[in-house]
Amino acid sequence: MSTPPSTRLPVAVMGAGAIGRMHIERMMRHPDVRVAAIADPTPAARALAESLGLPWFADHRDLLEQSDARAAIVATPNHTHAEVGIHCIERGLPVLMEKPVADTLENARRLCEAGERAGVPIMVGHQRRHNPIIQRARTLVNEGVLGRPVSVNGMATWLKPDSYFDLAWRREKGGGPVLINLIHDLDLLRFLVGEIVAVQAMTSNTVRGFEVEDTAAVLLRFANGALGTLTVSDAAVSPWNWDLAAGEAPHYAQVSVDTHFLSGTEGSLTLPRLNAWRFDGQRGWHEPLTHTQTMLHRQDPYMEQLRHVRAVAEGREQPLCSGVDGLRTLQAALAVHEAAVGQKQTTLETRMQG
Ligand SMILES: NC(=O)c1ccc[n+]([C@@H]2O[C@H](COP(=O)([O-])OP(=O)(O)OC[C@H]3O[C@@H](n4cnc5c(N)ncnc54)[C@H](O)[C@@H]3O)[C@@H](O)[C@H]2O)c1
């Protein structure tokens, strides 16, 4: 990139595993941010830092003491998010927390309270919000393309290779597609349709037989009265998931299908292809619908998210997905498991106050 490094915001990366490396790779060529330093105890992370000529620390607290970072990305395992995030906040660094914002609601609350107390912004890595397709969909919904939302349906079904499950945590509680993948769909629907107030769900581990689910079917009630369904599976051969359909990152083989279907009292909208349907004349199920399609503008949402990190750190933008947003999305994802286990509806409003 032509921008000199000195004008790019130095950002610390805590955790250089799968997603940490994706951030680092983008930051190396980003016009707005640069990698200040990497904290991750593994030899592989140290080797990566050395190969890129970047400062490396085994312990994130040493990085916070010694680097010139002015913001941080926390891309460590879920159970460490709150601790590492709070340490960054205590040093006054705005943080991008990878999703889920924390492993439990209690830890998510602790993190949000620390940010609030210190006046330090928290962002959560629900990067789909930065995708121009979702941004356009949100504009269309706000302009009234749906009218009053009535019904939404989404699919997140695909086949993960068997080798993905070589890591033990991916076969155990907390490692399944509800908390890893469906959480993004829940956040997407919260962003477009509004707050989720109640959840019913069933989960199944019939295909893979692991402790954790491989498939889930979810019913949602939104605060505005709309109802929704979501299905997720990592054991089904299918193109119907956002990552493939939207081409969220270059390593996905893109397909041209829709995965989310929103409808309301005035019209319907599909994602990611942004097909819209409405009545121009008489209304009724025997009348012809008018179809329009918005031109798709594709852009890497992770790059846009990094631009946003700098803008938030410099006080020019508010977090698009705040810590509290991340907490509410986590709450909906945890409610899926709770509802599936209890086989009854889990109401979210009451639990938020608890
Ligand atoms: N936004 C997305 O699409 C997306 C995609 C993948 C993962 N994630 C999230 O990112 C996080 C990391 O996932 P991953 O798949 O990269 O995991 P990973 O296991 O590949 O990497 C985590 C890294 O963190 C390091 N680490 C552990 N404790 C640390 C600490 N205290 N300080 C510094 N480093 C530490 C580990 O050594 C490891 O290298 C998870 O919360 C996950 O849910 C988000």
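The notes below deal with the structure included here. (Residues numbered from 1 in each chain as written. Predicted model: local features only at pLDDT ≥ 70, side-chain atom pairs only at ≥ 80, totals over all residues. Heavy atoms only, no water.)

Section: unusual backbone geometry
Right, on to step 1. Omega for the peptide link from K99 to P100 comes to -10°, which places this bond in the cis form.
Right, on to step 2. Summarising the element assignment, P100 is placed in the loop between β5 (95-97) and α5 (105-118).
Right, on to step 3. In the Ramachandran plot, L274 falls in the positive-phi region, its phi being about 55° despite a non-glycine side chain.
Right, on to step 4. By the element assignment, L274 lies in the loop between β12 (267-271) and β13 (275-278).
Right, on to step 5. On the accessibility criterion, L274 (1% relative accessible area) is buried. (Helix = DSSP H or I, 4+ residues; strand = E, 2+ residues; numbered from the N terminus. Buried < 20%, exposed > 50% of the residue type's maximum accessible area, 1.4 Å probe, protein only.)

Section: the packing of aromatic side chains
Right, on to step 1. According to the stated counting rule, one finds 2 aromatic pairs in the structure shown.
Right, on to step 2. Geometrically, the ring pair formed by Y164 and F165 is edge-to-face, given 5.0 Å between the ring centres and 75° between the ring planes. Across the pair, F165 and Y164 agree in class, each one buried.
Right, on to step 3. Here the aromatic cluster, defined as three or more aromatic residues joined through ring pairs, consists of Y164, F165 and F210. (Phe/Tyr/Trp six-rings, centres within 6.5 Å; stacked < 30°, edge-to-face > 60°.)

Here we look at the site of the ligand
Right, on to step 1. Around the ligand sit 23 residues in total, of which D40, N78, E98, K99 and Q127 are the nearest.
Right, on to step 2. Residue K99 places a main-chain N or O atom 2.8 Å away from an oxygen atom belonging to the ligand.
Right, on to step 3. With respect to the ligand, the backbone of G125 contributes an N or O atom lying 3.3 Å from a nitrogen atom.
Right, on to step 4. Contributions of two or more residues to the shell around the ligand are made by α1 (18-27) and α4 (81-90).
Right, on to step 5. By residue class, the composition of the shell around the ligand is 10 nonpolar, 10 polar and 3 charged. (Near = heavy atom within 4 Å. Polar contact = N/O pair within 3.5 Å; in protein donor to acceptor, adjacent residues only side chain to side chain. Nonpolar A, V, L, I, M, F, W, Y, C, P; charged D, E, K, R; others polar.)

A closer look at the sheet that holds β12
Right, on to step 1. In space, the 9 strands of this open sheet follow the order β14-β13-β12-β11-β7-β10-β9-β8-β15, with mixed pairing throughout. Each edge of the open sheet carries a strand with a single partner, namely β14 (290-293) and β15 (346-347).
Right, on to step 2. Sheet topology places strand β7 (residues 149-157) next to strand β11 (residues 260-264); 5 bridges connect them, and they run antiparallel. Bridge pairing links V152 to L262 in β11.
Right, on to step 3. Running at roughly 55° to strand β8 (residues 196-204), helix α10 (residues 323-342) makes contact with β8, β9 (215-222) and β15 of the sheet. (Pairing = 2+ DSSP bridges. Contact = heavy atoms within 4.5 Å. Axes fitted to C-alpha atoms, helices over the stretch in contact; angles between N-to-C directions.)

Focus: empty space enclosed by the protein
If you roll a probe as big as a water molecule over the atoms, it shows you where there is empty space left.
Right, on to step 1. If you walk through the whole model with that rule in mind, you get 1 cavity of 30 Å³ or more.
Right, on to step 2. By volume, the largest cavity is sized at about 30 Å³.
Right, on to step 3. If you go around the largest cavity, the residues you meet are L96, M123, V124, H130, Q305, H308, L320 and C321.
Right, on to step 4. Counting only elements with at least two residues in the lining of the largest cavity, the list comes to β6 (122-124) and α9 (301-313).
Right, on to step 5. In the lining of the largest cavity, the residues fall into 5 nonpolar, 3 polar and no charged. (1 Å grid on protein atoms, 1.4 Å probe; cavity = no way out; pocket = protein on both sides within 12 Å on 5 of 7 lines; lining within 4 Å. Points joined across faces, edges and corners; volume = space filled by probe spheres on them.)

Structural notes on the nonpolar core
Right, on to step 1. In this structure, M14, L186, L189, L192, V199, L220 and L269 are the most contacted members of the largest nonpolar core, which totals 75 residues.
Right, on to step 2. Take this core: its biggest share by element is 10 residues, from helix α7 (residues 177-193).
Right, on to step 3. Other than its neighbours up to four places away in sequence, M14 contacts A39, H60, L63, L64, I73, V74, A75, T76, V84 and C88.
Right, on to step 4. Core analysis: the next-biggest nonpolar cluster, separate from the first, contains 21 residues, V13, M27, L54 and V309 among them. (Core = buried A, V, L, I, M, F, W, Y, C linked by side-chain atoms within 4.5 Å.)

Scope: geometric values only; no functional claims are made or implied.
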